[in-house]
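# Notes for the structure review
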Amino acid sequence: MKNTRKEILLWTAIIMYVGIIYSTLALVSAGRKLLVEQFGPDVFDVVYWIFAAAGAALFFVIWVKLRGRTRIRALAILGILTIVYWYSLSRLSYAVERIHFLQYGSLGILLFLALRRRTGHRAAVMLSVAVSFWVGLGDETLQWYLSERVGEFRDATTNLFSSALGVFAVSSILPLKDDHSPAPRNRWLLLFATLLSIATVALFLKTVHGFGHVIENKSVGRFYSAFPERTLREINRSGAVTGKRHTRIYRNEAMRHLYQREFYFVNKFKGADGTYYRRLDVSWFENKILRTYYSRFLKEHGKESAVAVLGAQKGEIVYQSTNSVLWRDSVRSYVENIVSESDFIYESRVKNTVITTFDQEDLAFYSLLAAGFVVWLFSAYHNTFGPKRKGHQNEPRTTA
């Protein structure tokens, strides 16, 4: 009963934790703006203090609970992980990414502690990382439907790496736990988890992340689209977007560029000298992308307010904007007079798709190839290390 109660508490905590991650996705932009306005741009450095506090707590537990070589080994692992975590956090450009990195490390630890009670130590390591990865894919899928967020497979792999680090940390420090469940069952669980991971990645890439094209125009900039350049121009000429899914993708891409345009038009950023400025150059280039490649969208929604089209709620960042979707001549002239021409090629942050050398047939082929390899590997491992049938054991030869 005691173990059952602990398991219920652990899984309840995990479900609530995932619920918090998912439910706060739409609040990130507004929350970030509020915190920056109240406490300044350095407010997110608190992430490093949280990381340091967690490391100090773990150091204390190791020092108190372990002895001898086990303590030395655990402290060495903790030191290595500290360096890896610190380096990884420093390489992430945005505060949201750093927070996600710590979130998924913690999720991996919680899952490992819960799964270890039923599957044993080694199987729990792989299963907890796999489940964290599935949660991360769900996270990125939800972000894809939010106009102010971008769902990217790259972010899902970052979450996977973070959860794997967390699992490695706790699994290396905790003593090995006897596996009370049958070994064949664990192997089948791992096979199922691996095949499901391949299937979910393929589904995510096909239906959410998609496959796209890099569109580069020196006078406009560089951005990613699910459509080739000629298709976007054809849509602008004739409005021919075939199918509901393609219509939604076209509108989604246009709205993301619209959001970026308004975000940088409205908000002020604090410079190194303490003065505030607006990134009107970004707004200008995003508007050029809209006019060049999404003019059909501008034509359909030109007289509407940008706020109404983006669906912004009161209090969100773009709510302060009074722009229409199609910039008035006065607004365009105002920005044009401030923005100076430059030789660099502008690169939009809107990256709806980042896989540009793959197509649907490649996805199907490599997914089946990966699944076949996993099944073969499992079969070879099972035949080599699995239980032997009675009557087939290799018996030592005797000589007369």
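Counting starts from 1 at the beginning of each chain's written sequence and moves along it residue by residue. Where local features are concerned, this predicted model is filtered to residues with pLDDT of at least 70; where side-chain atom pairs are given and counted, the filter is 80 or more; whole-chain, interface and lining totals use all residues. To obtain the side-chain values, all non-hydrogen atoms of the structure were included, while hydrogens and water were left out.

## Digging into the overall build of the chain
Which entries qualify depends on this criterion: Elements are defined by DSSP. Helices are runs of H or I of four residues or more, strands are runs of E of two residues or more, and each kind is numbered from the N terminus. Three labels apply to residues, based on accessible area from a 1.4 Å probe with only protein chains included: buried if under 20% of the type maximum, exposed if over 50%, partly exposed otherwise in between. Areas reported here follow the Shrake-Rupley algorithm with a probe of radius 1.4 Å; residue values treat only the protein chains shown as occluding.
Tallying secondary structure elements over the chain gives 15 helices and 5 strands in all. Burial analysis of the chain (400 residues in total) assigns 42% to the buried set. Summed over its atoms, the accessible surface of the chain is roughly 23,200 Å², and 61% of this surface lies on carbon and sulfur atoms.

## A few points about the side chain of serine 128
Note the following rule: Side-chain atoms alone can form a polar contact between residues adjacent in sequence; in general such a contact is a pair of N or O atoms within 3.5 Å, and within protein one must be able to donate a hydrogen while the other accepts it. Residue contacts are defined here by distance: any two heavy atoms, one from each residue, within 4.5 Å place the two residues in contact.
As for its position among the elements, serine 128 is in helix H6 (residues 121–144). Separated by 2.6 Å, the side chain of serine 128 and the backbone oxygen of alanine 124 make a polar contact. In this structure, serine 128 is in contact with Gly108, Leu111, Phe112, Leu115 and Val167, ignoring residues within four places of it in sequence.

## Quick look at the pattern of salt bridges
Opposite charge on two side chains allows them to pair when their charged atoms are near. How we decide: For salt bridges, the criterion is a side-chain nitrogen of Lys or Arg within 4 Å of an Asp or Glu carboxyl oxygen.
The full count for this structure, using the stated rule, is 8 salt bridges. As a salt-bridge pair, arginine 222 and glutamate 216 come within 2.8 Å of each other at their nearest N and O atoms. Residue aspartate 329 is joined to arginine 332 by a salt bridge in which the shortest nitrogen-to-oxygen separation is 2.7 Å. Residue aspartate 329 and its partner arginine 332 are both found in helix H14 (residues 329–338); the two are separated by 3 residues, about one turn of the helix. Its relative accessible area of 53% is what places aspartate 329 among the exposed residues. Overlapping salt bridges, with partners in common, bring together Glu216, Arg222 and Glu347 in one network.

## Examining the nonpolar core
In summary, soluble globular proteins display a tendency toward joint burial of nonpolar side chains. Condition: Here, the term nonpolar core denotes a set of buried Ala, Val, Leu, Ile, Met, Phe, Trp, Tyr and Cys residues that are joined through side-chain atoms within 4.5 Å.
Ranked by internal contacts, the top residues of the largest apolar core, which has 37 residues, are Phe153, Leu232, Leu258, Tyr293, Tyr294 and Phe297. Only H6, helix H7 (153–173), helix H8 (183–209), helix H9 (229–238), helix H10 (244–266), helix H11 (280–293), helix H12 (295–301) and helix H13 (306–310) provide two or more residues apiece to this core. Here this core gets 8 residues from one element, more than from any other, and that element is H10. If near-sequence neighbours (up to four positions away) are discounted, leucine 232 is found in contact with Ile215, Phe223, Ser225, Phe227, Tyr250, Tyr293 and Tyr294. Counting 11 residues, the second largest nonpolar core, distinct from the first, contains Phe51, Tyr85, Leu92 and Ala169.

## Observations concerning the environment of histidine 301
Assignment of secondary structure puts histidine 301 in helix H12. Sequence-wise, histidine 301 and serine 324 are 23 residues apart; in three dimensions their C-alpha atoms are separated by 8.6 Å. Within the local environment of histidine 301, its side chain forms a polar contact with the side chain of glutamate 304, the two groups lying 2.9 Å apart.

## Digging into the pairing of strand S1 (residues 213–217)
Under the convention used in this document: Two strands form a pair only when DSSP identifies at least two bridges running between them.
For S1 and strand S2 (residues 221–225), the ladder comprises 5 bridges, and the chain directions are antiparallel. Note on S2: the bridge partner recorded for glutamate 216 is arginine 222. Counting the residues that bridge the hairpin from S1 to S2 gives 3 residues.

## A closer look at the packing of aromatic side chains
Aromatic rings considered in pairs are described by the distance between their centres and by the relative angle of their planes. Basically, it comes down to this: Planes of paired rings set the category: under 30 degrees apart is stacked, over 60 is edge-to-face and the rest tilted, where pairs are Phe, Tyr or Trp rings (Trp by its six-membered ring) whose centres lie within 6.5 Å.
Summed over the entire model, instances satisfying the criterion amount to 9 aromatic pairs. Considering the side-chain rings of phenylalanine 263 and tyrosine 264, the 4.9 Å spacing of their centres and the 80° angle between planes classify their relative orientation as edge-to-face. Here the aromatic rings of phenylalanine 265 and tryptophan 327 are separated by 5.7 Å at their centres, their planes lie at 55°, and the arrangement is tilted. Here phenylalanine 265, found in helix H10, pairs with tryptophan 327, found in the loop between H13 and H14; they are 62 residues apart in sequence, far enough to count as distant.

## Here we look at the environment of valine 170
Note that valine 170 resides in helix H7. In this structure, the C-alpha to C-alpha distance between valine 170 and isoleucine 77, residues 93 residues apart in sequence, is 9.9 Å. Those residues in contact with valine 170 that lie beyond four places of it in its chain are Ile109, Phe112 and Leu113.

## Thoughts on the side chain of glutamine 103
You can see glutamine 103 is positioned in helix H5 (residues 95–119). Residue classification places glutamine 103 among the buried residues on the basis of a relative accessible area of 18%. In this structure glutamine 103 touches Tyr17 and Ile21, once residues within four positions along its chain are discounted.

## So, the packing of H6 against H7
The description of two helices packed together rests on the angle between their axes and the distance between the axes. Our working definition: Orientation is described by axes fitted as lines to C-alpha atoms, over the contacting stretch for helices, and by angles from 0 to 180 degrees between their N-to-C directions. Oblique is the label for any angle not covered by the other classes, which are roughly parallel (under 35 degrees), roughly antiparallel (over 145) and roughly perpendicular (65 to 115). Crossing handedness is defined as follows: a turn of the near helix away from the far one that is anticlockwise and smaller than a right angle gives a left-handed crossing, while the clockwise case is right-handed. Ten residues, namely Ala, Val, Leu, Ile, Met, Phe, Trp, Tyr, Cys and Pro, are considered nonpolar, four, namely Asp, Glu, Lys and Arg, are considered charged, and the remaining ones, Gly among them, are considered polar.
The N-to-C vectors of H6 and H7 enclose an angle of 155°; their axes lie 9 Å apart at closest approach. On the basis of their axis angle, the class for H6 and H7 is roughly antiparallel. The element H6 and its partner H7 pack so that their crossing is right-handed. Contact residues: His121, Val125, Ser128, Val129, Ser132, Phe133, Gly136, Leu137 and Glu140 in H6; Phe153, Asp155, Ala156, Asn159, Leu160, Ser163, Ala164, Val167 and Ser171 in H7. Split by residue class, the contact of H6 with H7 holds 9 nonpolar, 7 polar and 2 charged.

## Describing a nonpolar patch on the surface
Defined as follows: Patch construction takes residues with relative accessible area above 30% that form no salt bridge. Like charges are linked within 9 Å, and nonpolar side chains (Val, Leu, Ile, Met, Phe, Trp, Tyr) are linked within 5 Å.
Judged by side-chain polarity, Leu58, Phe59, Phe60, Val61, Trp63 and Val64 come together as a nonpolar surface patch covering roughly 570 Å² of accessible area. Counting through the fold element by element, leucine 58 comes out in helix H3 (residues 46–65). By relative accessible area, leucine 58 is classed as partly exposed at 30%.

## Re the environment of isoleucine 215
Structurally, the position occupied by isoleucine 215 is in strand S1. Judged by its relative accessible area of 2%, isoleucine 215 falls in the buried class. For the pair isoleucine 215 and serine 225, spaced 10 residues apart in the sequence, the C-alpha separation amounts to 7.2 Å. Once residues within four sequence positions are removed from consideration, isoleucine 215 is found in contact with Gly221, Arg222, Phe223, Ser225, Phe227, Pro228, Glu229, Leu232 and Tyr293.

## What about the confidence of the model for the chain?
Where we set the bar: Each residue carries a pLDDT value, the predictor's own confidence for that position, ranging from 0 to 100.
For the chain, per-residue confidence averages 78 on the pLDDT scale, and residues scoring 70 or more make up 77% of the total. Note that residues 388–400 has pLDDT below 50 and, in this model, 2 contacts with residues that lie over four places away or in other chains.

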